[in-house]
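Listed below, chain by chain, are the residues.
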Amino acid sequence: MSQPLRLPFAPAQIQGVIFDMDGLLLDSERVALATVAEAATELGLPWRPEVGLAMVGLNSNDGPAVIRQHLGEDYPVAELYAAFGRIYEAAIAAGRIPLKCGVTELFDVLDELAIRRVVATSTRRSRAEPKLAAVGLLARVHGMVCGDEVSRGKPAPDIFLAAAQRLGLPVGHCLVLEDSNAGVRGALAAGARVVMVPDLLQPADDVRAAAVPVAGSLHDIARFLEGRLS
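What counts, and at which threshold
- Counting from 1, residues in each chain are numbered in the order their sequence is written.
- Side-chain atom pairs in this predicted model are given and counted only at pLDDT of 80 or more, local residue features only at pLDDT of at least 70, and totals for whole chains, interfaces and linings cover all residues.
- Side-chain calculation: all heavy atoms of the structure are included, whereas hydrogens and water are not.
- Only one rule defines a salt bridge in this text: a Lys or Arg side-chain nitrogen within 4 Å of an Asp or Glu carboxyl oxygen.
- Numbering of helices and strands runs from the N terminus, with a helix taken as a DSSP run of H or I at least four residues long and a strand as a DSSP run of E at least two residues long.
- Orientation is described by axes fitted as lines to C-alpha atoms, over the contacting stretch for helices, and by angles from 0 to 180 degrees between their N-to-C directions.
- Roughly parallel here means an angle under 35 degrees, roughly antiparallel means over 145, roughly perpendicular means 65 to 115, and every remaining angle is called oblique.
- Each helix crossing is assigned a hand: it is left-handed if the near helix lies turned anticlockwise from the far helix by less than a right angle, otherwise right-handed if that turn is clockwise.
- In what follows, a contact means two residues having at least one pair of non-hydrogen atoms within 4.5 Å.
- Residue polarity is assigned by list, with Asp, Glu, Lys and Arg as charged and Ala, Val, Leu, Ile, Met, Phe, Trp, Tyr, Cys and Pro as nonpolar; anything else, Gly included, falls into the polar class.
- Any two strands with at least two DSSP bridges between them are considered paired.
- In this scheme, a residue with accessible area under 20% of its type's maximum is buried, one over 50% is exposed, and one in between is partly exposed, where area comes from a 1.4 Å probe on protein chains only.
- Two rings from Phe, Tyr or Trp (for Trp, the six-membered ring) form a pair when their centres are within 6.5 Å of each other. A pair whose planes differ by under 30 degrees is stacked, one over 60 is edge-to-face, and the rest are tilted.
- The criterion for a charge sitting over a ring is simple: Lys NZ or Arg CZ within 6 Å of the ring centre, and within 35 degrees of the ring normal.
- Nonpolar cores are built from buried Ala, Val, Leu, Ile, Met, Phe, Trp, Tyr and Cys residues. Side-chain atoms within 4.5 Å join them into one set.
- By the criterion applied in these results, polar contacts are pairs of N or O atoms within 3.5 Å in which, for protein atoms, one can donate a hydrogen and the other can accept it, and in which residues neighboring in sequence qualify only through two side-chain atoms.

1. Description of the pattern of salt bridges
Then comes step 1: According to the stated counting rule, one finds 17 salt bridges in the structure shown.
Then comes step 2: Of the charged contacts, one joins Arg124 and Glu89 as a salt bridge, the two residues approaching to 3.4 Å between their closest N and O atoms. Of this pair, Arg124 sits in the loop between strand 2 (116–121) and helix 6 (125–134) while Glu89 sits in helix 4 (residues 77–93), and the two are 35 residues apart along the sequence.
Then comes step 3: Through salt bridges with shared partners, a single ionic network connects Asp27, Arg30, Lys100 and Asp199.

Structure below.
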């Protein structure tokens, strides 16, 4: 068994949890990267894997600038997004996006502790709600703040501040769980307690310099919070 996760705060200090969605609750980032590559191929457009990785954690308003930075100002972003959306939403409807390891265990612990939780995702609501509903999580969260509901996306703090407000808690009493560097930066800027649970990306240099704790999976978070039950 792995060593218990050591964090610079006690389980009792956590009054609410703010979850990212893609790559944290859902094993969706790999599906998304494969889908955007498929969409580019379908349209006969160039694509590079590193472009997709650079977009992890960003919302659809900020993604086009990343694409144009890497692939040129005249890249047909709107056409790519349309093809991506069609293929990706078919994957959602077909149930091809599974839960990440430890999600059910962690939600069960949060239920036992009566700790409320919200999702703060860069994904727009019209796509985020079906994704959570498809895996049975929509009914287990106490609200969502989505990428199309804040003026600035991650790494700005806006979405985390709004999520804490949705919980009715000071943001400093909330634990943010994130897989992306953009999300971690936003949580730090908001003043939340944050733990990174890496998916496709490892902690960036500035995240490491900020001494952000890193967990191997959501199992580690569940075991940490179970300390309140003993």
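2. Section: the packing of helix 5 (residues 103–113) against helix 10 (residues 218–225)
Then comes step 1: Their axes nearest at 8 Å, the elements helix 5 and helix 10 cross at an angle of 20 degrees. Classified by the interaxial angle, the pair formed by helix 5 and helix 10 is roughly parallel. Here the hand of the crossing between helix 5 and helix 10 comes out left-handed. Only Leu218, His219, Ile221, Ala222, Arg223 and Leu225 of helix 10 make contact with helix 5, whose side of the interface consists of Val103, Glu105, Leu106, Val109, Leu110 and Leu113.
Then comes step 2: Per-class residue counts for the contact of helix 5 with helix 10 are 9 nonpolar, 1 polar and 2 charged.

3. As for the sheet that holds strand 5 (residues 193–196)
Then comes step 1: Pairing in this open sheet of 5 strands is parallel, and the strands run 3-2-1-4-5 from one edge to the other. Where the open sheet ends on each side, the last strands, each with one partner, are strand 3 (144–146) and strand 5. Ignoring strand direction, the axes of neighbouring strands in this sheet form an average angle of 20 degrees.
Then comes step 2: In terms of strand pairing, strand 2 meets strand 3 through 3 bridges, oriented parallel. Each residue of the ladder has a partner; that of Thr121, found in strand 3, is Cys146.
Then comes step 3: Seen against the sheet, helix 5 touches strand 1 (16–19), strand 2 and strand 4 (174–178) and runs at an angle of roughly 155 degrees to strand 1.
Then comes step 4: Packed on one face of the sheet, helix 7 (residues 158–167) meets strand 1, strand 2, strand 3 and strand 4 and runs near 155 degrees to strand 2.

4. Here we look at helix 7
Then comes step 1: Among the residues making up helix 7, those that are buried are Asp158, Ile159, Phe160, Ala163, Ala164 and Leu167.
Then comes step 2: As for helix 7, its buried residues are in contact with strand 1, strand 2, strand 3, strand 4 and helix 8 (181–190).
Then comes step 3: Just past helix 7, the residue Gly168 takes up positive phi, approximately 75 degrees.

5. Re the packing of aromatic side chains
Then comes step 1: Under the criterion given, the structure shown has 3 aromatic pairs.
Then comes step 2: Aromatic side chains Phe84 and Tyr88 sit 5.0 Å apart centroid to centroid with 20 degrees between the ring planes, which places their arrangement in the stacked category. Pair noted here: Phe84 and Tyr88 are both in helix 4, with a separation of 4 residues, about one helical turn. Tyr88 matches Phe84 in its accessibility class, with the two residues each being buried.
Then comes step 3: Cation over ring: Arg117 sits above Phe107, and NZ or CZ is 5.4 Å from the ring centre.

6. Brief notes about the nonpolar core
Then comes step 1: With 53 residues, the main nonpolar core has Phe19, Leu25, Trp47, Leu177 and Ile221 as its most contacted residues.
Then comes step 2: Discounting chain neighbours no more than four positions away, the residues touching Trp47 are Val36, Ala37, Ala40, Gly52, Met55, Ile67, Leu71, Tyr75 and Leu80.
Then comes step 3: Residues Ile18, Ile159, Phe160 and Ala192 belong to the second largest nonpolar core, which totals 22 residues.

7. Remarks on the side chain of Asp199
Then comes step 1: For Asp199, the position within the fold is in the loop between strand 5 and helix 9 (205–209).
Then comes step 2: Side-chain polar atoms of Asp199 contact the side chain of Arg30, separated by 2.8 Å.
Then comes step 3: At 2.8 Å, the side chain of Asp199 forms a polar contact with the side chain of Lys100.
Then comes step 4: When sequence neighbours within four positions are dropped, the list of residues in contact with Asp199 reads Gly23, Asp27, Glu29, Arg30, Lys100 and Asp179.

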